[in-house]
Amino acid sequence: MDDRNNTHQYENYEEPEEKFDLNSYIRRYLRYWYLFPIFIALTITAAWYYLQTTQPIFLAKTTLLIKDEKKGIGSGAEGTIMEEMAQFNGNKLVENEIEILKSQMLMGQVIKDLNLDVYVDVKDGLKTIDLYAKSPVVVKTELISEFALHNPMLIHLVDSTKFRINDEDQTYKFGQKLRNPWGLFIVEKGVASPYKEIQVHFQNVQGLTGGMLGRLSVSVLNPKSTVLELSFEDPSIQRGKDVLNKLLDVYVQSSLNDKNSEASNTLKFIESRLGLITGELGDVEKDVEVYKTSKGLTDISAESQLFLENIKENDAKLNEINTQIKILESVDNFVQNPGVGAAAPATYMINDPVLVSLLTKFNELDLQRERYARTTQAGNPLLETITTQLAQTRQAIRENVQNLRRGMDVTKQNLEGINTRFSSGLRSIPQKEREYVGIKRQQTIKENLYLYLLQKREETALAYASTVTDSRLIDAPVASYLPIKPKRSTIWLGSLAAGIAIPILLINLIFLLNNTVQHRDEIEKITHASVLGEIGMMKTIKGQAPTESIIKMTSRSAVAEQFRALRTNLQYLGDGSCRTIMFTSSIGSEGKSFISINLAASLAFSDKRVILLGLDLRKPSLHERLEINNKRGVSNYLVGQTNLEQLIQKTSVHPKFDVMASGPLPPNPSELISNGRLPLLLAELREQYDYILIDSPPYGLVTDAALIAEYVDASLYVVRFNYTLKDHLNRISELQRSKRFKNLSIIYNGVNYGSGYGYGYGYGGYGYGYYTEDNKNKALDVGSRLKKMVGKG
């Protein structure tokens, strides 16, 4: 019937609602208060060291306008629609120029022009000072070795004309060409400087280019505008501005070179033709002069002059057609073989607007392809799109050239037919005049062609000279006078926050990894059993005797007061008549023997007759602590020796405090306890003593305590702070719910109240360290604090 009631009570038990205790939550951190000043000091020191050793970074800025030649073409509703589409599609013109400005080719040219692959600095205490534009030496390299890229070179200034390298004794003069493991270079004298030991660093240009591009930022100030802001981060204010200035110069020059490439190729074509025509014209003029001299010819007839004028006009047209055909041939050759070094077609000499438009588009696409090839990886979708458009435009140009060529061939045939008719008419002219007209005709042809080429050369030269860049500098580069990195206020605040956060994380990690009992609330919440008393922690004194486990009950120490309080609380066990009390625990070293001895002593000092039974027949310790003989004891009684007087021993603690040791260790403790003689022993002792305290084995390890619990009035389960595992509390909860132990209560042992109570503690194995009132042992050393913080005991 009792078992059914217990089971019913177990099933209907409801756990109380858990409430957040802010005070308890804060106290768990206050236990480790000393970690906060330690880590705050460490993080502030680290912040100071970081600020001392880190070079400040300054920001240089400039703004650049990208001219949009197509801007303003649309108007009205069409223009508004185009602007709205541009907001969603982005400005490809600006995006292309951003990629060009961030290309490795331009930055590599900047590094080469400014000689940035060699930089010098100097150590000044913990600081490193960059000496750009302020260095006392200037290193001009011709060849840099692999060794130089990984090892800086130290230059020691001897005087105004000499210097030494690293630890060498040899001195060198400024301007002298040197060859050493760092390469081939010349060291020249720089500006006046107080520093005498200069570090020279050599860098790989490719790696430096990538690093500088990482510090370069190009952004659009307004999505609706084409104004770009360029910013560059660098430890040197002057170098930051110089890099931006040089980058803009290289960018503008590259843009002009791209725009002038067509005009330049046209001029080369015209100059080559002019050179050929000039020689032919000189030969023809000489032929005219020789003929007139040899034949004595001074004038020709009006009919011959008419024929000559007609032939001159027709030949001029035929020359123009031939020139156009040659231009078309150059266009066809260029589009078929663009990568073989063929000159770009002379678009200034092409009259067909469709072909001019196609060639202009072809040149623009070819320039874009070259730019993307320099700034993107192979297989880039944008590069493949440009290549596809280029192939389509090439095919359209070839078809247009073929159509124009067919038309010009027909025109050329017509002009040649007219020339044939004029030539047949010349046969009727006298022989001398006919011969003279033929020679004069060749002279006129060459003169007209020469004048035509001169005109086109001047037009091309004018277009070349009028080429302007597609960008305009708005603001010259300026640099901040205050560093943007590191931000001192952020570093200081961050170090302070880290000094607080790290201990919090560390303490939480300790709590997370620590699976032992830390609070009384945990015991009551999990076990649902009442805590009868608490015993504070005691300081371990190395090498102390086991007898010092007995507290001086006449003292006013905190632990003695707690035992007196525990003695008083015994009257609240059960109905108040519990006189036979068993002490047990989950595992060894939790303090049940220590508590049972001192509680017995406290009861004896209150004028109660007390006997302490050593029923831990497996690992007894009472005889060692009380310094008594263990040759006879409880085991003797249980095997049939009934002379009780011989088994009970007096203690030196108090006359009313007796003890019955465990006696010789039996081979079968559990069978011995359950043989039926234990209740007889307890019945005899109840007649002689007011209290019978039983020191039993740990319940969590053996079954002895469960056997003893059947014959006692109450059971006191010892839980030790920072030692008993939380999982063991579930075992106590099972005992409480099943009522297997009568009047089960808990004693919370070894509680750490902190320094406010003025005492410490320490336990080890079954041996204990104990409270002393001497001030010399009150302070715990750092080693013991750390040990208690991360482990048990």
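Asks: Mind showing me how you'd approach the overall build of the chain here?
Replies: Within the chain, the regular secondary structure consists of 25 helices and 23 strands. Every one of the 793 residues in the chain was classed for burial, and the buried ones make up 42%.

Asks: Honestly, the environment of Ala709 in this entry has me stumped. Any pointers?
Replies: Secondary-structure assignment places Ala709 in the loop between helix H23 (704-708) and strand S20 (714-720). Under the relative-accessibility criterion, Ala709 is labelled buried at 1%. Considered as a pair, Ala709 and Ser696 are 13 residues apart in the sequence and their alpha carbons are 9.5 Å apart. In this view, Ala709 contacts Met582, Ser715 and Phe741; residues no more than four positions away in its chain are not counted.

Asks: Any chance you could explain the side chain of Lys592 here in plain terms?
Replies: Considering the arrangement of structural elements, one finds Lys592 in helix H17 (residues 592-605). What makes Lys592 buried here is its relative accessible area of 2%. One polar contact links the side chain of Lys592 to the main-chain carbonyl oxygen of Ser696, over a distance of 2.9 Å.

Asks: Just checking my understanding: could you explain the packing of helix H16 (residues 558-569) against H17 for this structure?
Replies: Packed helix pairs are specified by the crossing angle of their axes together with the interaxial distance, meaning the distance between the axes. For the pair H16 and H17, the least separation of the axes is 9 Å and the interaxial angle reads 75°. In terms of their interaxial angle, H16 and H17 are classed as roughly perpendicular. Of the residues in H17, those in contact with Phe563, Arg564, Leu566 and Arg567 of H16 are Phe594, Ile595, Asn598, Leu599, Ser602 and Leu603. The residue inventory of the contact of H16 with H17, partitioned by class, reads six nonpolar, two polar and two charged.

Asks: Please clarify how the sheet that holds S20 should be interpreted in this entry.
Replies: The pairing of strands in a sheet comes from backbone hydrogen bonds and takes either a parallel or an antiparallel form. Strand order across the open sheet formed by eight strands is S14-S21-S20-S15-S19-S16-S18-S17, with mixed pairing between neighbours. Two strands close off the open sheet at either side, each with one partner strand: strand S14 (531-536) and strand S17 (649-650).

Asks: Mind showing me how you'd approach the nonpolar core here?
Replies: Burial of nonpolar side chains together is a common tendency in soluble globular proteins. Membership of the largest hydrophobic core comes to 43 residues, with the highest contact counts inside it found for Leu613, Met660, Leu681, Leu685, Ile694 and Val719. Every residue in contact with Val719, bar those within four places of it in the chain, is listed here: Val517, Ile523, Thr724, Leu729, Ile732, Ile746, Ile747, Tyr748 and Asn749. Core analysis: the second largest hydrophobic core is formed by 37 residues, Val559, Cys578, Leu622 and Ile747 among them.

Asks: Is there a simple way to explain the pattern of salt bridges in this structure?
Replies: Oppositely charged side chains may form a pair once their charged atoms are brought near each other. All chains considered together, the criterion is met by 20 salt bridges. We note a salt bridge from Glu534 to Arg520, for which the minimum N-O separation is 3.0 Å. Here Arg520 lies in helix H15 (residues 520-527) and Glu534 lies in strand S14, a separation of 14 residues in the sequence. Ionic pairing is found between Asp616 and Lys592, a salt bridge with its closest N-O pair at 3.6 Å. Here Asp616 is found in the loop between strand S16 (610-614) and helix H18 (622-626), whereas its partner Lys592 is found in helix H17, with 24 residues between them in sequence. Within the structure, one salt-bridge network assembled from shared partners comprises Asp130, Arg215, Asp234 and Arg239.

Asks: Can you help me understand the pairing of strand S2 (residues 118-124) in this one?
Replies: Looking down a regular strand, the side chains alternate between one sheet face and the other. As judged from the four bridges shared by S2 and strand S10 (residues 197-202), these two strands associate in the antiparallel manner. Each bridged residue has a counterpart across the sheet, and for Val120 the counterpart in S10 is Val200. Relative to strand S3 (residues 127-130), S2 runs antiparallel, the two being bridged by four bridges. Pairing of Val122 across the sheet is with Ile129, part of S3.

Asks: I'm lost on the sheet that holds strand S8 (residues 177-180) in this one. Help?
Replies: Within the open sheet, the three strands sit side by side as S4-S9-S8. Their pairing is antiparallel. Looking along the sheet, the strands with just one partner apiece sit at the ends: strand S4 (137-144) and S8. On average, adjacent strands in this sheet sit at an angle of 30° to one another, irrespective of strand direction. Bridge count for S4 against strand S9 (residues 183-189) is seven bridges, and the pairing is antiparallel. Each bridged residue has a counterpart across the sheet, and for Ile144 the counterpart in S9 is Gly183.

Asks: Can you help me understand the pairing of S8 in this one?
Replies: The two faces of S8 differ: Leu178 and Asn180 on one face are buried, but Lys177 and Arg179 on the other face are not. Inspection of the sheet shows S8 paired to S9 by four bridges, in the antiparallel sense. Each residue of the ladder has a partner; that of Asn180, found in S9, is Gly183.

Asks: Is there a simple way to explain the environment of Tyr717 in this structure?
Replies: Residue placement: Tyr717 occurs in strand S20. Sequence separation between Tyr717 and Phe741 is 24 residues; the distance between their C-alpha atoms is 9.8 Å. A distance of 2.9 Å separates polar atoms of two side chains, one belonging to Tyr717 and the other to Ser586.

Asks: Mind showing me how you'd approach unusual backbone geometry here?
Replies: As a rule of thumb, non-glycine residues mostly have phi less than zero, and peptide bonds are mostly trans rather than cis. In this model, Lys485 is joined to Pro486 through a cis peptide bond whose omega is -15°. Within the chain, Asn722 stands out as a residue other than glycine whose phi angle is a positive 60°. Here Asn722 lies in the loop between S20 and helix H24 (726-738). On the basis of relative accessible area, Asn722 is assigned to the buried category, the value being 2%. In this model, Lys739 sits at a positive phi of 60°, which is unusual for a non-glycine residue. A relative accessible area of 40% places Lys739 in the partly exposed class.

Asks: What should I look at first to understand the confidence of the model for the chain in this one?
Replies: Regions with low pLDDT should not have their predicted coordinates read in detail. Scored by pLDDT, the chain comes out at a mean of 81, with 82% of its residues at no less than 70. Contacts for the low-pLDDT stretch residues 785-793, under 50 throughout, to residues beyond four places or in other chains number 18 contacts.

Asks: Would you mind going over the environment of Phe269 with me for this structure?
Replies: In this fold, Phe269 is placed in helix H9 (residues 237-295). Residues Phe269 and Arg457, 188 residues apart in the sequence, show an inter-C-alpha distance of 9.5 Å.

Asks: How should the packing of aromatic side chains be read in this particular structure?
Replies: The geometry of an aromatic ring pair comes down to the distance between the two centres and the angle between the two planes. Counting across every chain of the model gives nine aromatic pairs. Between the aromatic rings of Tyr699 and Phe741, the centroid separation amounts to 5.3 Å while the plane-to-plane angle is 75°, which identifies the pairing as edge-to-face. Here Tyr699 is found in the loop between strand S19 (691-695) and H23, whereas its partner Phe741 is found in the loop between H24 and strand S21 (744-751), with 42 residues between them in sequence. Overall, Phe741 belongs to the buried group, its relative accessible area being 4%. Ring pairing ties together the aromatic residues Tyr29, Tyr32 and Phe511, which thus form one cluster. Taking NZ or CZ as reference, Arg677 lies 4.9 Å from the ring centre of Tyr637, over its face. One cation-aromatic arrangement involves Arg720 over Tyr723; the distance from NZ or CZ to the ring centre is 4.5 Å.

Rules used in this analysis
- Residues numbered from 1 in each chain as written.
- Predicted model: local features only at pLDDT ≥ 70, side-chain atom pairs only at ≥ 80, totals over all residues.
- Heavy atoms only, no water.
- Helix = DSSP H or I, 4+ residues; strand = E, 2+ residues; numbered from the N terminus.
- Buried < 20%, exposed > 50% of the residue type's maximum accessible area, 1.4 Å probe, protein only.
- Contact = heavy atoms within 4.5 Å.
- Polar contact = N/O pair within 3.5 Å; in protein donor to acceptor, adjacent residues only side chain to side chain.
- Axes fitted to C-alpha atoms, helices over the stretch in contact; angles between N-to-C directions.
- Parallel < 35°, antiparallel > 145°, perpendicular 65-115°, else oblique.
- Nonpolar A, V, L, I, M, F, W, Y, C, P; charged D, E, K, R; others polar.
- Pairing = 2+ DSSP bridges.
- Core = buried A, V, L, I, M, F, W, Y, C linked by side-chain atoms within 4.5 Å.
- Salt bridge = Lys/Arg side-chain N within 4 Å of Asp/Glu carboxyl O.
- pLDDT = per-residue confidence, 0-100.
- Phe/Tyr/Trp six-rings, centres within 6.5 Å; stacked < 30°, edge-to-face > 60°.
- Lys NZ or Arg CZ within 6 Å of the ring centre and 35° of its normal.

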